[in-house]
Amino acid sequence: MRWLVLLTGGLGLLHLWLAGALQLAPDEAYYWTWSKDLALSYRDHPPLVAWLVAAGTALGGDTEVGVRLWFVVLGTALVPLSFVIARRSGARPGIALLVASAGGTSLLGSAGAMLATPETPLVFGWTLGLVGLLGLATRERPMRDGVLLALGTAVAVASKLTGILL
């Protein structure tokens, strides 16, 4: 468990540092302009990306870190969620830690944790939903796992319309 905490914290700090070191991409600037006029939907995306940018800039200001703050948090959360998925799938702790490492250093886990794009909350929602589905399969805590599945689906759908496929 200590290794999981160290891995998660280390990757989170690295992603936060990189988020501040890189200039905004054109798409990120586009989402930042959306965050100045929040709505329930935008021309080509559901609203979550703009809402997350607005929440981040409320805390971190109109800076690269502010724009990307919640995307770093969600991307970093993929590490322990990947660990939980591996454990619920029957993997031993060492293998589950390897899976968590892959989740946090993969393209979606790493690049997604540094850029403000709809893909990061989409992947987070899918991963959270998968944790709930695996829990429902074991039938240990169906109420909690049903809530995780519903919450994951809601996050995924609010990120991109393809989230409904969960």
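Presented here is a report on the structure given in the accompanying data block. Everything numeric in this text was worked out from a predicted model, so none of it was measured. (Residues numbered from 1 in each chain as written. Predicted model: local features only at pLDDT ≥ 70, side-chain atom pairs only at ≥ 80, totals over all residues. Heavy atoms only, no water.)

**Some thoughts on the overall build of the protein chain**
The test is simple: Under the DSSP-based scheme used, a helix requires at least four consecutive residues in state H or I and a strand at least two consecutive residues in state E, with every element numbered from the N terminus. Restricting the calculation to C-alpha atoms gives the radius of gyration, and the globule rule supplies 2.2 Å times the number of residues raised to the power 0.38. What sets the accessible areas is the Shrake-Rupley method with a 1.4 Å probe; for residues, cover comes only from the shown protein chains.
Across its full length, the protein chain carries 8 helices and 0 strands. Starting at the N terminus and walking to the C terminus, you meet the elements of the protein chain as α-α-α-α-α-α-α-α. The globule rule puts the C-alpha radius of gyration for 166 residues at 15 Å, and the 16 Å found for the protein chain is close to it. Its C-alpha atoms give the protein chain principal-axis dimensions of about 45 × 30 × 25 Å. Here the protein chain displays about 8,700 Å² of accessible surface, and carbon together with sulfur accounts for 71% of that area.

**A look at the nonpolar core**
Let me state the cut-off plainly: Definition used in this section: a nonpolar core is a set of buried Ala, Val, Leu, Ile, Met, Phe, Trp, Tyr and Cys residues joined via side-chain atoms within 4.5 Å. Remark: exposure states derive from per-residue accessible area (1.4 Å probe, protein chains only) relative to the maximum for the residue type, with buried under 20%, exposed over 50%, and partly exposed in between. Note on contacts: a residue pair is in contact if any heavy atoms of the two residues lie within 4.5 Å.
By size, the foremost hydrophobic cluster in this structure holds 21 residues, and its most contacted members are Trp34, Val53, Phe71 and Phe124. Breaking this core down by element, the ones donating at least two residues are α2 (26-34), α3 (48-60), α4 (64-88) and α7 (119-138). A total of 6 residues in this core trace back to one element, the largest contributor, which is α4. If near-sequence neighbours (up to four positions away) are discounted, Val53 is found in contact with Tyr31, Trp32, Ser35, Gly66, Val67, Phe71 and Ala116. Val79, Phe83, Ala86 and Ala91 belong to the second-largest nonpolar core, a separate cluster that totals 8 residues.

**Observations regarding the packing of α3 against α4**
For the record, the criterion: Helix axes use the C-alpha atoms of the stretch in contact, all axes being lines fitted to C-alpha atoms, and the angles between their N-to-C directions lie in the range 0 to 180 degrees. Comment on the angle field: the value is read as roughly parallel under 35 degrees, roughly antiparallel over 145, roughly perpendicular from 65 to 115, and oblique elsewhere. A crossing counts as left-handed when the near helix is turned anticlockwise from the far one by less than a right angle, and as right-handed when that turn is clockwise. Amino acids outside the nonpolar list (Ala, Val, Leu, Ile, Met, Phe, Trp, Tyr, Cys, Pro) and the charged list (Asp, Glu, Lys, Arg) are all regarded as polar, and Gly is one of them.
For the pair α3 and α4, the least separation of the axes is 6 Å and the interaxial angle reads 115°. In terms of axis orientation, α3 runs roughly perpendicular to α4. Regarding α3 and α4, the two cross each other, and that crossing is right-handed. Residues Val49, Leu52, Val53, Ala55, Gly56, Thr57, Leu59 and Gly60 of α3 pack against Gly66, Val67, Leu69, Trp70, Phe71 and Leu74 of α4. Partitioning the contact of α3 with α4 into residue classes produces 10 nonpolar, 4 polar and no charged.

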